[in-house]
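Chain by chain, the residues:
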Amino acid sequence: MATTKRKPPKTWSLLGDVKRRPSTYEVTAAKFNYHFRREPAPFEMDPAAPINLWYLANREGSPFNVEDWEGFRDPARMTYSDYVTVQHDRETYLDAVIDHHEAADSVTGLDPAWVEALTRIAVPLRFPLHILQMTALYVAQMAPSAYIINCSNFQAADEMRRVQRLAYLTKMLANAHGDAIAETATARSPWEEDAAWQPMRRMLEKMLAVYDWGQAFAVLDLVVKPTIDELVNVQLAALAERNGDDLLAQLLAEFHLDAQRSKDWTIALAQYALASDPALADTLREWVDEWIPAVDETAEAWAALLATAPNALPSGQVVEAAGRARAELLAACGL
Amino acid sequence: MPRLSRSEWYDLTRDMNWDLSYVSEDEAFPPVLSNSFGVPAHDWWVWDEPYKITYTEYVHNQAGKDAGVYSVNNVLNRSHIFDNLEPGWKAAVIAHYGAIAVAEYQAGIGEARMGRFGRAAAWRNMATFGTLDETRHGQLQTYIPYQALAKEPRLDWAHKAYHTNEWGIIAARHLFDDMFTANDAVSTAIQLTFTFETGFTNLQFLGMAADAMKAGDFDFGALIASIQTDEARHAQQGEPTIKVLVKAGKADVAQNLLDRMFWRAWKIFALLTGLSMDYYTPVENRTHSFKEFMEEFINKQFIDTFRDFGLEKPWYWDQLLNEMNWVHHAYHIGVYFWRPTVWWNPVAGVSPAEREWLEEKYPGWNESFGKYWDVMGDNVRNGHPELTLPETFPMVCNSCQVPVCTPAGYAAGYLDSPLPHILDFEGRRYTFCSEPCQWVFEQDPEQFKGHLSIIDRFLGGVIQPATIPGALEYMGLSPEECGVDGTDYAWAGPVIPAEKSA
Ligand SMILES: [Fe+2]
Ligand SMILES: [Fe+2]
């Protein structure tokens, strides 16, 4: 039998002569993205095929590039298996949270004025949060290495998780307080029409049209998502607590763990890029600055919406907190 | 467990369809990444996945499935099972990992494309799961061969293959890039999930899972059976996409996308699965012939599936049925003969018992393909195995990127002419193995026309030096990686001592 007789390899040959034995996380991600900077074009098609040109312009041609993206690591070092295992536990926990509130029938006991506020504030959220999911998948499909792709894919899945739990909550509210709460129009009409939602919708629709991969990363992960995460996961949670809505507050606190994981890899990626090329700070900063007016406007409109709820938070706190969350993230990135 | 059943709230997880106000539809869904084929935005909103699942269900199911596959691997790893596999099965498994592992990970990019550019929220959610699934498949199918890398260095190709220009990988990349990495979201739903996953991965995965169990490779069997359960779920994105197109009067669009990818997938499956099923899998473990599998899964089950949606079988059906008799036999001879150009060790699979099986499954095999093996067997028995090795390269099809085998099809009585199909287009001459391959090219020349096949590169000076060793180096095959006969010529019988044969 022609068994190949060679010195047993230490690891994948493409990883070179490694000093340390690569981890499972590394051997299932390193150099998976074979088409990045491939010659003569990313894909095995006509080098001038439209989609080759798209990638050449928006990925290889992005100002946000370093010599070697393969050195970046997700601080959480998550494989697929890690991700579903961790989230399996977290979802088990959320199931228990919901069990508890269903047993106590706590949604029925909510103050009708708060329910009315939730209908205007929390119910339409599945639209903007879905756009965060979409954009994370854009960043993923354009990112130069599998290490980055995986982070952004898991982030997209986290956004879907948040949308789905809010959908469940919406149905609970509808069962207790009227079917209309669960009608699509109850969410879509304000999203499409109410003045309070338009700054956010404008910002997110425009974000959908950002196609440079680095810019899409910067706009989503450095500006838009951290702002929305603060407004939703933290500020809305605080408001829920003031209104005795522990269920919503607990759900949002859970989503904030996901958001923290996203922040961790975002900071790590920015730091990695800046360490490779300090001039990229200007590139990122320029993109960030361009979007700050839109997020500020969004935060103000959202704060005004929160102010219409009973037991409203002190005015100014919401906008300030959103600004602070963003500034902290940018500072951590070295921007 | 939360009290509300999935059906009570599921619609609220997927009704996030709205009218854009601040950017145009083309700005948010550029045609190069999301071709609507003229179907109005609202008509996509009825997109309804047949298989429903929530995020919670997904992570619960998948965590359990992964724990299962990884634990099987850990047990088997200690038992050194890879050492005990038959050489033919090893060839099949090593070929599979090289061609499939990283490609599956890349299918995640196609899923992410649908997750971003799919034209309904329900679809984007299903594609988000699909993205995760393909991440899983890429990682599992590299992790498992990695565990056996020290025992079998050829498993390096599970990771390395897509970075090379090995000819089979060029063909696979050309197929898969066209199918998902370099495709728009709507076409991807029909070409990746419907045509390829619903149609063909059944063949590869169910067929090989059954054969793996019989060959005693429980590791591989458990792995691909588990993968197939994910494929069966996310493959269902094609069906609602077809329904939307058909309802909008665009059945011709869906039919065209299907026909193009069906043929392309057939060619690569004949190469990969055809050889595995009819030559590499030990004969006593074979459940079906490749042709029988095609007839059962593709020709019966899959046709019924698309007939249900008002689509018809592709126009080239007779040519497909014709090729099912011979093309993979020709490929097998080619791969064996040009074995230094592949990363696995091909086995001939033509011992007397195997020839009997082939003759039974493909009446006339001995008289047609068997003759080539008679000559190669004589050369081996006469002590001249080097005569079973190549000195030149064959022509390669500018569509499927697989060597043109029309002379073998002609010699076996299945074709009227041994000549390839030729197209002169915008000042360049293209060669095709078959009429459907030429037709595929002509459907979208912008995608293909500037591409160089490996032979174009060889003749055009891209490959230097233009010799066999130069080409092998270009293909990423070091001398020790080049494939050799997987059984050390045991199939040919004992070498005749020199004095007697002289
Ligand atoms: Fe897959
Ligand atoms: Fe062809």
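No experiment lies behind these values; they were computed from the predicted model shown.

Draft legend 1. Spatial organisation of the overall build of chain A. Per the secondary structure count, chain A includes 12 helices and 0 strands. Secondary structure elements of chain A, listed N to C terminal, follow the sequence α-α-α-α-α-α-α-α-α-α-α-α. By the compact-globule yardstick of 20 Å for 335 residues, chain A fits well, its C-alpha radius of gyration being 22 Å. Each of the three principal axes of chain A carries a C-alpha extent, and together these read 75 × 50 × 35 Å. Among the 335 residues that make up chain A, the fraction classed as buried is 62%. A separation threshold of at least 6 residues defines the contact pool for chain A, and within that pool the share at least 24 residues apart is 79%. Looking at chain A as shown, the accessible area adds up to about 11,400 Å², and 53% of this sits on carbon and sulfur atoms.

Draft legend 2. Highlighting the coordination of the iron ion (ligand 2). Residues and elements named next belong to chain B. Bound to the iron ion (ligand 2) are the protein donor atoms Cys 397 (SG), Cys 400 (SG), Cys 433 (SG) and Cys 437 (SG), situated 2.3 to 2.4 Å from the metal. Each of the 4 donor atoms around the iron ion (ligand 2) contributes to a set of angles spanning 105 to 114°, which defines the coordination as tetrahedral. Spacing between the donor residues of the iron ion (ligand 2) along the chain follows C-x2-C-x32-C-x3-C. Cys 437 carries the same exposure label as Cys 433, and that label is buried.

Draft legend 3. Structural view of empty space enclosed by the protein. Residues and elements named next belong to chain B. Applying the stated criterion across every chain yields a total of 9 cavities of 30 Å³ or more. By volume, the largest cavity amounts to about 180 Å³. If you go around the largest cavity, you meet 17 residues; those closest to its centre are Ala 99, Gly 168, Ile 268, Leu 271 and Leu 272. Going through the elements one at a time, helix H4 (87-117), helix H7 (167-181) and helix H11 (251-280) are the ones with two or more residues in the lining of the largest cavity. For the lining of the largest cavity, the element with the most residues is H7, which contributes 6 residues. Classifying every residue of the lining of the largest cavity gives 15 nonpolar, 1 polar and 1 charged.

Draft legend 4. Structural view of the nonpolar core. The biggest cluster of nonpolar side chains holds 293 residues, and the ones touching the most others in it are A:Trp114, A:Leu204, A:Trp213, A:Val224, A:Leu236, A:Trp302 and B:Trp266. No other element matches the 18 residues that H11(B) contributes to this core. Counting contributing residues per domain, this core is built from domain 1 (29-60) and domain 2 (73-333) of chain A, each supplying no fewer than three. When neighbours within four sequence positions are excluded, A:Trp114 is seen to be in contact with A:Leu236, A:Leu239, A:Ala240, A:Asn243, A:Asp245, A:Leu248, A:Ala309 and A:Pro310.

Draft legend 5. Main features of the interface of chain A and chain B. Contacts between the two partners involve 92 residues from chain A and, on the opposite side, 97 residues from chain B. Where chain A abuts chain B, roughly 8,600 Å² becomes buried across the two surfaces, and 62% of that area is made up of carbon and sulfur atoms. For chain A, the biggest contributors to the area lost against chain B are A:Trp12, A:Tyr34 and A:Tyr80; these three give 10% of the whole. Seen at the junction of chain A and chain B, the total is 3 salt bridges. Among the ionic pairs, B:Arg173 bridges to A:Glu44, the shortest N-O distance being 2.8 Å. Inspection of the chain A/chain B interface yields 51 residue pairs in polar contact (both at pLDDT 80 or more). Of all the secondary structure elements, the ones that give two or more residues to the side of chain A that touches chain B are helix H1 (24-27), helix H2 (50-60), helix H3 (80-104), helix H5 (126-142), helix H6 (146-177), helix H7 (184-193) and helix H8 (198-208) of chain A. When residues of the side of chain A that touches chain B are assigned to their parent elements, the largest contribution, 19 residues, is made by H6(A). The residue inventory of the side of chain A that touches chain B, partitioned by class, reads 45 nonpolar, 25 polar and 22 charged.

Draft legend 6. How the structure looks around the domain arrangement of chain A. Residue and element names in this part refer to chain A. Domain annotation of chain A identifies domain 1 (29-60) and domain 2 (73-333). The gap between the C-alpha centroids of domain 1 and domain 2 is 32 Å. Tallying the contact residues gives 9 residues for domain 1 and 13 residues for domain 2. For the pair domain 1 and domain 2, the summed buried surface comes to about 910 Å²; carbon and sulfur atoms form 61% of the total. At the boundary of domain 1 with domain 2, the tally comes to 0 salt bridges. Where domain 1 meets domain 2, there are 5 residue pairs in polar contact (both at pLDDT 80 or more). Looking at side-chain class alone, the side of domain 1 that touches domain 2 contains 6 nonpolar, 2 polar and 1 charged residues.

The rules behind these values
Residues numbered from 1 in each chain as written. Chains lettered and ligands numbered in written order. Predicted model: local features only at pLDDT ≥ 70, side-chain atom pairs only at ≥ 80, totals over all residues. Heavy atoms only, no water. Helix = DSSP H or I, 4+ residues; strand = E, 2+ residues; numbered from the N terminus. Rg over C-alpha atoms; globule rule 2.2 N^0.38 Å. Buried < 20%, exposed > 50% of the residue type's maximum accessible area, 1.4 Å probe, protein only. Contact = heavy atoms within 4.5 Å. Areas by Shrake-Rupley, 256 points an atom, 1.4 Å probe, with all protein chains shown as cover. Donors = N, O, S within 2.8 Å, 3.2 Å for Na, K, Ca; no water. Tetrahedral: all angles 85-135°; square planar, octahedral: opposite > 155°, others 65-115°. 1 Å grid on protein atoms, 1.4 Å probe; cavity = no way out; pocket = protein on both sides within 12 Å on 5 of 7 lines; lining within 4 Å. Points joined across faces, edges and corners; volume = space filled by probe spheres on them. Nonpolar A, V, L, I, M, F, W, Y, C, P; charged D, E, K, R; others polar. Core = buried A, V, L, I, M, F, W, Y, C linked by side-chain atoms within 4.5 Å. Domains from an automatic or database assignment. Buried area = accessible area lost by both parts, 1.4 Å probe. Salt bridge = Lys/Arg side-chain N within 4 Å of Asp/Glu carboxyl O. Polar contact = N/O pair within 3.5 Å; in protein donor to acceptor, adjacent residues only side chain to side chain.

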